[in-house]
Amino acid sequence: MNKYKKLKATAFYAVLLLIGLLINLPIINMVGSAFKSSKEIFTNNNLFPHHPTVENFKNVLERTPFFQYVLNSLMVAIVVSIIVAVVSCLAGYAISRYAKKIKFFKHYSSLFLILQMFPGVLLMIPVVVLLSDIGLGDSLWGLILVYVSTNIPFCTWMISGFFDGIPSEIDEAAKIDGCNVFQSFAKIVVPLSSSGIASIIIFTFINCWNEYMLANVILKSQDLRTLPLGLQTFIMQFDTDWSSLMAASTMTIIPVLFFLIFMQKHIVSGLTAGAVKG
Amino acid sequence: MKKRTKKIMSLLLAGAMVVSLAGCGKSGGSDSSKDSDSKGSGVAEITFWDMPWGPAEYQNVAEKLVDQFNEEHKDTIKVKYQSIPWDGCFNAFNVAIESGADLDVSTGSAYQPHQFAEMDEILPMDDVVKAFEEEGKLDDFVDGSLDQFQMDGQQVAMPWNIDPKGIYYNKEMLDAAGLTAPTTWDEFYDCCKALTKDGVYGLALAGNNPWQLEALMFDNGGSYIDEDKQANFDTPQTKEALEFLRKLKDVCAPGSAGYKRDEAVKLFMQEKAAFIVMSADFSVEIKNQSDEFYDKCEVLEPLTSPEGIQRGMMGMNGIMGYKQTKHPEEVKTFIKWWIENSDVLWEEGQMGPFPSRKSQMELSSIADNKFKQVFAESIIPVGVPLNFPHKGAFPAVNVIEGEELGAEASSTVLGTDTPIDEITSTINDKIQTILEANE
């Protein structure tokens, strides 16, 4: 019986591994291509190079201010994630605990979902006008302002759902113990929602890291470019420098990978926090 | 917190949000940095949006060239250089124009100046043309290139670069099969047929790319429109070209109907196909592949079609100024200077397309490149733009190109058995609809 269970588990993990490999095939191909020379990029159909080279990485770092692009993307993504997390948690708590008690605001959180249906492309002209008027055109702070405003609604809706899952009796118990509203929120509810907060931080970080359309119309100076814009350096009108593009793309996913690995444990710890009684 | 204080705080926050909405109004393009140049310094600041016409080096070389201009004009004009990615560029330009953002001069793709001229956003370049004429330099522009940017009696842009298309081929593969370079359509087909065997194909064809179809159509005397801006796709010459394209299916890899550009390039680079229709900048790709592969390849002179015509196909891109600029004369000065001093963009910046001036064809980056020599001597002199035979482009051509009607026709010819008459009729109707809608 034990042998059968082991066999079953092995087969199950083998299938999962295969599915994982298939899903990650484009990324594996990208990383493999990053180590192919310009001669091999078109002539070698295999995932991995016959003669690996780091020449492409050197080319990217020497020919473009790639580290500047990374720093710009990191700054924007981290600042936006922090601001969105703080504001969304506060707003989400208010919606979860108080809005539903007020007749007029009962379905307020649904409005956030309706806002998501608004096509982002229609925002571009007024956003550029507004940023230009307040002197934030072609600046990272202008981009941060726009990303914060576009990410808050969905994150607020998401985190308010998490807060709904925490019984209000916990707040009442905290009140009895002498906590005011903010202390109850900060010391009791937030720690219990770490998985939800980690989720909105991940969601916001990835959104900011990958976003291209708004960054393209707001940022124009080369030294302010975020990574999605920086990758366009290798794409000409009809031609693409695939070797350099694959190397730059490989370097682009590294920070996000580390970030996700770091945040993943918070999601897991949040999920298992209440698993064991007593 | 007392209830009254809470209410006051809520009202204050709501008021702050309402006041912030007052920021949402179209600005007159005001920008503190631009206003400062009118405050006594006497230096006009203009913003130049340039497209990436070459690899990463191009932008660095272009920035240095702008620095040179600024040094030579330090008391009068200062140019800020910004490179605009191709992906989403129309969006970026439209937003900048509509919002009045910093945009005084730009390079751009073929029909961009015509599109913005229709919106009355383009600064006419007639003064620049006159300046070149007075200096005796007007004839230096490639024939037809100035006319291409004439619209409603105005020069909407100056010619910047030219992007011809040609048939590259692997001469070593032909030599190994005892074949010589074809000169007619029939010879071309026979050559491809002889080479198609054992997993090797005569032609690397990207069905999703209209270049093959357009090259054949124009070569045979066909066109999208006629001199009177009417649809002209449903003609015997175009049908003959499409029939020939369908015949070429026999000498292409299976699935070519759905191939994009890089899939065809892969076949050619792997020496699994002998011929490929590509743009001028493909020569840089071949050179980067390896010196060995570069030595194997050549470019065909334009084939003689069944109609007895030799004609190439090419795009022409322009450099243009915008009416929203506060410094129109400085913009014209910069555009003239940029055209006259752009040699370094080809020599060091590895600019892909060809220059629009005949004298620049002598540049070593062109004269020493065997592919570019054939383009310069044989293809560009007989090259025509998409709006041929109508003299001068106009906005509807941009729509025809943007709707990818050529790609639709090409993939339908190659991927289905739809009768050619039906394909030309359908596409012709679509072209006519576009022309009427954009009158």
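Residues numbered from 1 in each chain as written. Chains lettered and ligands numbered in written order. Predicted model: local features only at pLDDT ≥ 70, side-chain atom pairs only at ≥ 80, totals over all residues. Heavy atoms only, no water.

S.K.: How would you summarise the overall build of chain B if you had to cite specific residues and measurements?
M.R.: The number of helices and strands found in chain B is 21 helices and 13 strands. With the principal axes as the frame, chain B shows a C-alpha extent of 90 × 60 × 45 Å. When burial is assessed residue by residue, chain B has 55% of its 439 residues classed as buried. Taking all contacts inside chain B whose residues are at least 6 apart in sequence as the whole, residues at least 24 apart take part in 77%. For chain B, the accessible surface area stands at approximately 18200 Å², while carbon and sulfur atoms represent 49% of it. One finds the centroid of the 40 positive side-chain charges in chain B at a distance of 10 Å from the centroid of its 74 negative side-chain charges. (Helix = DSSP H or I, 4+ residues; strand = E, 2+ residues; numbered from the N terminus. Buried < 20%, exposed > 50% of the residue type's maximum accessible area, 1.4 Å probe, protein only. Contact = heavy atoms within 4.5 Å. Areas by Shrake-Rupley, 256 points an atom, 1.4 Å probe, with all protein chains shown as cover. Lys, Arg positive; Asp, Glu negative; His and termini not counted. Charge placed at Lys NZ, Arg CZ, Asp CG, Glu CD.)

S.K.: I'd like a rundown of the interface of chain A and chain B, residues and numbers included.
M.R.: At the junction of the two partners, chain A supplies 34 residues and chain B supplies 50 residues. Counting across the interface, chain A meets chain B through 2 salt bridges. Across the pair Glu-292 of chain B and Lys-39 of chain A runs a salt bridge whose closest N-O atoms are separated by 3.9 Å. Between chain A and chain B we count 15 residue pairs in polar contact (both at pLDDT 80 or more) in total. Every element with two or more residues in the side of chain A that touches chain B is listed here: α3 (40-43), α7 (124-133) and α12 (213-218) of chain A. In terms of residue count, α7 of chain A provides more of the side of chain A that touches chain B than any other element does, 7 residues in total. When grouped by side-chain class, the residues that make up the side of chain A that touches chain B number 15 nonpolar, 12 polar and 7 charged. (Salt bridge = Lys/Arg side-chain N within 4 Å of Asp/Glu carboxyl O. Polar contact = N/O pair within 3.5 Å; in protein donor to acceptor, adjacent residues only side chain to side chain. Nonpolar A, V, L, I, M, F, W, Y, C, P; charged D, E, K, R; others polar.)

S.K.: Pulling in residues and values, what's your account of the domain arrangement of chain A?
M.R.: Residues and elements named next belong to chain A. Domain annotation for chain A reports domain 1 (2-53) and domain 2 (58-275). Computed over C-alpha atoms only, the centres of domain 1 and domain 2 are separated by 31 Å. With 10 residues of domain 1 in contact, the opposing surface of domain 2 contributes 7 residues. Of all residues in domain 1, Met-30, Ala-34 and Ile-41 give up the largest surface area on contact with domain 2, accounting jointly for 62% of the area buried on that side. Put simply, domain 1 and domain 2 have 0 residue pairs in polar contact (both at pLDDT 80 or more) between them. Where the side of domain 1 that touches domain 2 is concerned, the elements lending two or more residues are α2 (25-34) and α3. (Domains from an automatic or database assignment. Buried area = accessible area lost by both parts, 1.4 Å probe.)

S.K.: Tell me about helix α4 (residues 89-99) of chain B, residues and numbers included.
M.R.: Along an α-helix, a turn takes 3.6 residues, which lines up residues three or four apart on a common side. By the burial criterion, the buried members of α4 of chain B are Cys-89, Ala-92, Phe-93, Val-95, Ala-96, Ile-97 and Ser-99 of chain B. Where α4 of chain B is buried, its residues meet α7 and α12 of chain A together with β1 (44-50), β3 (105-108), α5 (112-118) and β11 (312-322) of chain B. One or two positions beyond α4 of chain B, positive phi appears at Gly-100 of chain B, with a value near 70°.

S.K.: Tell me about the domain arrangement of chain B, and please be specific about residues and values.
M.R.: All names here are of chain B. Domain annotation for chain B reports domain 1 (3-163 + 316-384) and domain 2 (165-313 + 403-437). Averaged C-alpha coordinates put domain 1 and domain 2 at centres separated by 33 Å. Each side of the interface is counted separately: domain 1 has 16 residues, and domain 2 has 24 residues. Across the domain 1 to domain 2 interface the summed buried area is about 1700 Å²; carbon plus sulfur atoms make up 63%.

S.K.: An account of the nonpolar core is requested, with residue identities and associated values reported.
M.R.: One finds Met-158, Phe-275 and Trp-338 of chain B to be the most contacted residues of the largest nonpolar core, which totals 200 residues. For this core, the element with the highest residue contribution is helix α8 (residues 140-164) of chain A, accounting for 12 residues. Excluding anything up to four places from it in sequence, Trp-338 of chain B contacts Phe-48, Asp-50, Ala-62, Leu-65, Val-66, Trp-160, Ile-319 and Leu-345 of chain B. (Core = buried A, V, L, I, M, F, W, Y, C linked by side-chain atoms within 4.5 Å.)

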